Amino acid sequence: MKIRIGSRESRLAVIQSRMVMQAIAAVEPQAELELVTMKTTGDKILDKTLDKIGGKGLFVKELDQALRDGRADFTVHSLKDMPMELPADLPLAAFSERADARDVLVLPAGSDRLDETKPVGCSSARRRLQLQQLYPDMQVAPVRGNVQTRLAKLDAGEFSALVLAAAGLKRLGLEDRISHYFTTDEMLPAAGQAILAVQTRQGVDTSCLRIFHNLDAACCALAERAFVRALGGGCSSPVAAYAEVQGDMLTLKGMYVSDDETQIRKGILCGPKAQAEQLGCALAAQLQKGEGSR
């Protein structure tokens, strides 16, 4: 039996795909596993922000086609990079256990403080708005490219710091670059941050993913993505959501931002994890009505 795993070709994407392959090998030791890497449109266009070139779908389009063509049986994604609306013929088959979901501040190599003459680099409106609340005197500028590319720009002096996801740095073995961890109250993560998602096409046997799949992470993913969908959030939207599970209960934090970015409200809702999607929709409705903290 041959199982093909499709992946973006960046170092982080390959590491994440090999994590899935390792879990499959534990279930199907006789299977022949093949990694199929490709460069996506989102990886090729680096001189524009995502909202200007079509959004997160640009990171999955080529991988989706590989699934439909049969060149891949599964594709591996960082869940936060996936569009909120997915094709019916390409369902999500498994979610990984969640890694560290926090955002972090990374300073240039050898530096121990922010240089206020240079901007902080970040890749999303979600981070930009929360950064501006934390550091109102700092300039914030967009930065694109994979983690290594962004770090090279930082160390070359283009930025005073970067905001990146802790999980990606840790998976790359770059934890020592982290200067400061933001709490999830200071910097609410993107929906699905630190969770890996495995996508497939209808009809593929997914039993080989059974030890990879994490039920609590799946509940968190459902709640967070339902919250963002209910607010009409897409790639350029600064909405944020983060859920945690304890026992049978789920706690969801969410951030709503008005279209003109003048209203920013955060809220929290708890309920049974079995009602994850309903909780996401309910919190979104509350924040849209103006309930929650400024």
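Cut-offs applied
Residues numbered from 1 in each chain as written. Predicted model: local features only at pLDDT ≥ 70, side-chain atom pairs only at ≥ 80, totals over all residues. Heavy atoms only, no water. Helix = DSSP H or I, 4+ residues; strand = E, 2+ residues; numbered from the N terminus. Rg over C-alpha atoms; globule rule 2.2 N^0.38 Å. Buried < 20%, exposed > 50% of the residue type's maximum accessible area, 1.4 Å probe, protein only. Contact = heavy atoms within 4.5 Å. Salt bridge = Lys/Arg side-chain N within 4 Å of Asp/Glu carboxyl O. Core = buried A, V, L, I, M, F, W, Y, C linked by side-chain atoms within 4.5 Å. Expected span 1.5 Å × (residues − 1). Arc of directions from axis to C-beta. Pairing = 2+ DSSP bridges. Axes fitted to C-alpha atoms, helices over the stretch in contact; angles between N-to-C directions.

Turning to the overall build of the protein chain, a few remarks are in order. Within the protein chain, the regular secondary structure consists of nine helices and 13 strands. Computed over its C-alpha atoms, the radius of gyration of the protein chain comes to 19 Å, within 12% of the 19 Å expected for a compact globule of 294 residues. In terms of its C-alpha atoms, the protein chain occupies a principal-axis envelope of roughly 60 × 45 × 35 Å. The proportion of buried residues among the 294 residues of the protein chain is 52%. Partitioning the contacts of the protein chain with sequence separation of at least 6, the portion at a separation of at least 24 is 70%.

Turning next to the pattern of salt bridges. Applying the stated criterion across every chain, the model contains 18 salt bridges. Across the salt bridge formed by Asp69 and Arg71, the nearest N and O atoms sit 3.1 Å from each other. Overall, Asp69 belongs to the partly exposed group, its relative accessible area being 46%. Judged by relative accessible area, which is 39%, Arg71 ranks as partly exposed.

In this structure, Phe227, Leu250 and Leu252 are the most contacted members of the largest nonpolar core, which totals 21 residues. Those elements that place two or more of their residues in this core are helix 8 (215-230), strand 11 (240-246), strand 12 (249-257) and helix 9 (276-288). One finds Leu12, Leu154, Phe159 and Leu174 within the second-largest nonpolar core, a separate group that totals 16 residues.

Turning our eyes to something else, we now look at helix 9. Under the 1.5 Å per step criterion, the end-to-end length of helix 9 is 19 Å for 13 residues, consistent within 8% with the ideal 18 Å. Ala276, Leu279, Gly280, Leu283, Ala284 and Leu287 are the residues of helix 9 that are buried. Looking straight down helix 9, one finds that the buried residues subtend no more than 135° of arc, so they occupy a single side. As for helix 9, its buried residues are in contact with helix 8, strand 12 and strand 13 (264-272). Gly290 lies just past helix 9 and shows a positive phi near 100°.

Attention now moves to the environment of Pro238. The residue Pro238 is located in the loop between helix 8 and strand 11 in this model. Overall, Pro238 belongs to the buried group, its relative accessible area being 9%. Distance in space between the C-alpha atoms of Pro238 and Tyr256 is 7.8 Å, their sequence separation being 18 residues. If we ignore the near neighbours within four places in the chain, the residues touching Pro238 are Ala125, Arg126, Leu129, Met255 and Val257.

This brings us to the sheet that holds strand 4 (residues 92-95). Taken in spatial order, the five strands make up an open sheet running 2-1-3-10-4, and their pairing is mixed. If you trace the sheet from one side to the other, it starts and ends with strand 2 (32-38) and strand 4, each paired once. Averaged over neighbouring strand pairs, the angle between their axes works out to 25° when direction is ignored. Alignment of strand 4 against strand 10 (residues 196-200), held across three bridges, turns out to be antiparallel. Paired with Leu92 across the strands is Gln199, a residue of strand 10. Set on the sheet, helix 1 (residues 11-27) makes contact with strand 1 (2-8), strand 2, strand 3 (74-78) and strand 10; between it and strand 1 the angle comes to about 160°.

Glancing now at the sheet that holds strand 13. Ordered in space as 11-12-13, the three strands form an open sheet in which the pairing is antiparallel. Bordering the open sheet on either side are strand 11 and strand 13, each of which pairs with just one other strand. Averaged over all neighbouring strand pairs, the angle between strand axes comes to 15°, with direction disregarded. Of the pairings in the sheet, the one linking strand 11 to strand 12 comprises seven bridges and is antiparallel in character. The residue bridging Glu244 from the neighbouring strand is Thr251, located in strand 12.

Shape is all these values report; function is a separate question.
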